[in-house]
Amino acid sequence: MSELPRLPDPAVIVLVGPSASGKSTWAAAHFRTVEIVCSDALRAVVGSGEHDLEATVEAFELLNLIVAGRTKRCLTTVIDTLGLDQARRRRYLQLARAAGLPAVVVVMRTPAAECRRRNAARDRPVPAAALRGQIDRLSTVVVEIQAEGWDVIVHEGQAEPDNTPGLPSATRPSPGSAPDNSAAMGLVLQISRFPWGADPAEWLVGIADAAQDAGFGGIALMDHLIQIPQVGRAWEPIPEPFVTLGLLAGRTSRLRLGTLVSPVTFRPAGVLAKTVATLDVLSGGRTFCGIGAGWWDREHAAYGVPFPAAKARLDQLEVAIQTCRALWSPGTKPYRGDRVDLPETTCYPRPISPIPIIVGGSGERRTLRIAAHSADGCNLPSDLETLGRKVATLRRHCADVGRNPDEVTITVLDIPIIGADRDQVASKVERLRGRTAASAFARRHHAGQIGEHVDRYRVLAERGVGTVFVSLPDLLGPADIHALAPLAAAVTGV
């Protein structure tokens, strides 16, 4: 049995081949049972068994109903029939098109002699004349398929899948594919939820130890006063990040530590500079500073913190970056900039290493211009279409302010669903999706196996991303981080 070819997911996948060519075995090896709709199995449901040919009409009526229901919900559907009937193939192709799903056909090119051998070994073999007709029909079917308009055509048993033009980016890697470190990047674990139980400190240290062991380069914490609705409920714990990072600074030796990101609205610029400088000293020079304009009015109101209009918040962002740069510089001399006027820059202890400033936010007119002018990095969305547009805008701003765009590192926040196999991926999606449709939730979180995420992160690296902040929506404990060691090894090259 070959490895799973590179296929889009979700998709409608139609298997084609004579009896005993291995269609059912191939499907069972690569897909979940609930993703496979098999005409033989449905004969057993509506008839006396899978060989009850009198139940064929009812079996295909049920098959069509199931396929229509799954494609309507944009779920991967593997159709396991002979696949030799062109009218039926076209019907499945139309269902895929109506649902906006990629349409895939997999042709089983098993040698005729092997099909006959397997058939003869069955308890209820297909009559020899019928099998011969199916084998003879396959060569004509292959020609028909080429003209039917499938997005991807796979000839199982041949060296390479035949991908028709128009869907080069929809393919996915085989799970467990060999690592390729040609486009290495940094991975930082972002912790956004804290199910720490009775011993918060030990839970945090356990997560940090696991991240270090698994090959992550750092840990980032959100900076919020109330847990945000995108992550959890308001009464769930979300610790003060710099206190927490101080704990981790003393219990780790290699991880870079910082926030993604701190709002300037409740982190006054000078106090933020002092806090981050102290963390840098206590961590031995392992700090980064994520900073943004803030966005959530509820937490400001709840804590009595002013929440100015967007323009004022962005002004504060510029002030904060200039202030931090001034207070982290050598000496205690006065500082005068276009937005900041300080009578002295007395900030001890000084940072012991250059502290990268990462601007979070993707407003194209102002935020990205601030990042282009003043930041060391800019954190952007991880979906490729949005990322491409934001990077292009950032580069234009760099050109406008006379800065080399390579001086601004691109980072992304990714919130992936990662599973060891398709069953685990599907189980996580079902558990976490709430009222969101499973297909939409899976798409939003790029749900897949480790090999699929490795391939996706390589694409991000090719698009210029230097670091991915990985935030697991199902993080419970250190074991969830240890499971990502193969991902970190493949992506970072360490």
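The coordinates are above.
## Things to note about the packing of aromatic side chains
To describe a pair of aromatic rings, you give the distance between the ring centres and the angle between the ring planes.
Move 1: Considering all chains together, one arrives at five aromatic pairs under this definition.
Move 2: For the pair W295 and W296, a centre-to-centre distance of 5.7 Å together with 20° between the ring planes defines the contact as stacked.
Move 3: Residue W295 is classed as partly exposed on the basis of its relative accessible area of 45%.
Move 4: Three or more aromatic residues joined by ring pairs make a cluster, and in this case those are F194, W196 and W203.
Move 5: Over the ring of F60 we find R88, and its NZ or CZ is 3.7 Å from the ring centre.
Move 6: The ring of Y348 has R350 sitting right over it, with the charged end atom 4.8 Å from the ring centre.

## Considerations on the pairing of strand β16 (residues 409-414)
The side chains of a regular strand alternate between both faces of the sheet.
Move 1: Taken together, the five bridges between strand β15 (residues 377-381) and β16 define a ladder with parallel strand orientation. The partner of P381 across the bridge, within β16, is L413.
Move 2: For the crossover that starts at β15, traverses helix α13 (residues 384-401) and ends in the parallel β16, the hand is right-handed.

## Focus: the environment of G360
Move 1: Looking at where G360 falls in the secondary structure, it is placed in strand β14 (residues 357-360).
Move 2: A sequence separation of 65 residues divides G360 from W295, and the C-alpha atoms of the two residues are 11 Å apart.
Move 3: Setting aside anything within four residues of it in sequence, one finds G360 in contact with V261, I291, G292, T367 and N379.

## Describing helix α14 (residues 422-432)
Count 3.6 residues to each turn of an α-helix, and residues three or four apart come out pointing the same way.
Move 1: Within α14, the full set of buried residues consists of R422, V425, A426, K428 and V429. For α14, the angular spread of the buried residues around the axis is 160°, confining them to a single face.
Move 2: Those residues of α14 that are buried are in contact with α1 (23-30), β17 (418-419), α15 (438-444) and β18 (448-449).
Move 3: Its side-chain oxygen 3.2 Å from the backbone nitrogen of D423, D421 forms the N-cap of α14.
Move 4: Phi turns positive, to about 60°, at G434, one or two residues after α14.

## A word on the sheet that holds strand β10 (residues 262-263)
Move 1: The sheet built from nine strands is open, its strands ordered β9-β8-β7-β19-β16-β15-β14-β11-β10 with parallel pairing. Lying at the two open borders of the sheet, with one neighbouring strand each, are β9 (256-259) and β10.
Move 2: By the bridge criterion, four bridges tie strand β7 (residues 186-191) to strand β19 (residues 465-470) in an arrangement that is parallel. Residue pairing across strands places L187 opposite V468, the latter belonging to β19.
Move 3: Set on the sheet, helix α11 (residues 310-328) makes contact with β11 (289-292) and β14; between it and β14 the angle comes to about 170°.

## Focus on the side chain of H155
Move 1: Mapped onto the elements of the fold, H155 is located in strand β5 (residues 152-156).
Move 2: One polar contact links H155 to R109, side chain to side chain, over a distance of 3.1 Å.

## Things to note about the environment of A372
Move 1: Counting through the fold element by element, A372 comes out in helix α12 (residues 367-374).
Move 2: Judged by relative accessible area, which is 0%, A372 ranks as buried.
Move 3: Along the backbone, A372 and W150 are 222 residues apart, and their C-alpha atoms lie at a distance of 44 Å.

## Description of the state of the cysteines
Throughout this description, disulfide means a covalent bond between two cysteine sulfur atoms.
Move 1: Under the defined criterion, the tally for this structure stands at zero disulfides.
Move 2: In this model C115 remains outside any disulfide bridge; the closest cysteine sulfur is found in C38, 16 Å from its own.
Move 3: Take C347: it sits in no disulfide, and the sulfur closest to it among the cysteines is that of C324, at 8.7 Å.

## Details of the packing of helix α2 (residues 39-46) against helix α3 (residues 56-72)
Move 1: Contact geometry of α2 with α3 gives a least axis separation of 8 Å together with a crossing angle of 115°. Considering only the axes of α2 and α3, their crossing is right-handed. Across from S39, L42, R43, V45 and V46 in α2, the residues of α3 making contact are T56, E58, A59, F60, L62, L63 and I66.
Move 2: By residue class, the composition of the contact of α2 with α3 is eight nonpolar, two polar and two charged.

## Looking at unusual backbone geometry
Move 1: Of note, the bond from D9 into P10 is cis; its omega dihedral lies within 30 degrees of zero at 5°.
Move 2: Inspection of the secondary structure assignment puts P10 in the segment before β1 (12-16).
Move 3: The omega torsion of the bond from L260 to V261 falls at -10°, within 30 degrees of zero and hence cis.
Move 4: Along the chain, V261 falls in the loop between β9 and β10.
Move 5: One non-glycine residue, H446, lies in the positive phi region at around 50°.
Move 6: Residue position: H446 is located in the loop between α15 and β18.

## Section: the pairing of β15
Move 1: Within β15, four of the five residues are buried, which leaves the element mostly enclosed by the surrounding structure.
Move 2: Sheet topology note: the β14/β15 ladder contains three bridges and is parallel. Residue pairing for β15: V359 is matched across the bridge by C378.
Move 3: Each parallel crossover has a hand, and the one from β14 via α12 to β15 is right-handed.

## Some remarks on the pattern of salt bridges
Move 1: Tallied over the entire structure, the rule returns 28 salt bridges.
Move 2: Across the pair K311 and D315 runs a salt bridge whose closest N-O atoms are separated by 3.3 Å. Taken together, the positions of K311 and D315, both in helix α11 and four residues apart, correspond to about one turn of that helix.
Move 3: Three or more residues are tied together by salt bridges with common partners; here these are K311, D315, E318, R339 and R366.

Definitions and limits used
- Residues numbered from 1 in each chain as written.
- Predicted model: local features only at pLDDT ≥ 70, side-chain atom pairs only at ≥ 80, totals over all residues.
- Heavy atoms only, no water.
- Phe/Tyr/Trp six-rings, centres within 6.5 Å; stacked < 30°, edge-to-face > 60°.
- Buried < 20%, exposed > 50% of the residue type's maximum accessible area, 1.4 Å probe, protein only.
- Lys NZ or Arg CZ within 6 Å of the ring centre and 35° of its normal.
- Pairing = 2+ DSSP bridges.
- Helix = DSSP H or I, 4+ residues; strand = E, 2+ residues; numbered from the N terminus.
- Right-handed = clockwise from strand over helix to strand, strands pointing away.
- Contact = heavy atoms within 4.5 Å.
- Arc of directions from axis to C-beta.
- Polar contact = N/O pair within 3.5 Å; in protein donor to acceptor, adjacent residues only side chain to side chain.
- Axes fitted to C-alpha atoms, helices over the stretch in contact; angles between N-to-C directions.
- Disulfide = S-S within 2.5 Å.
- Left-handed = near helix turned anticlockwise from the far one by under 90°.
- Nonpolar A, V, L, I, M, F, W, Y, C, P; charged D, E, K, R; others polar.
- Salt bridge = Lys/Arg side-chain N within 4 Å of Asp/Glu carboxyl O.

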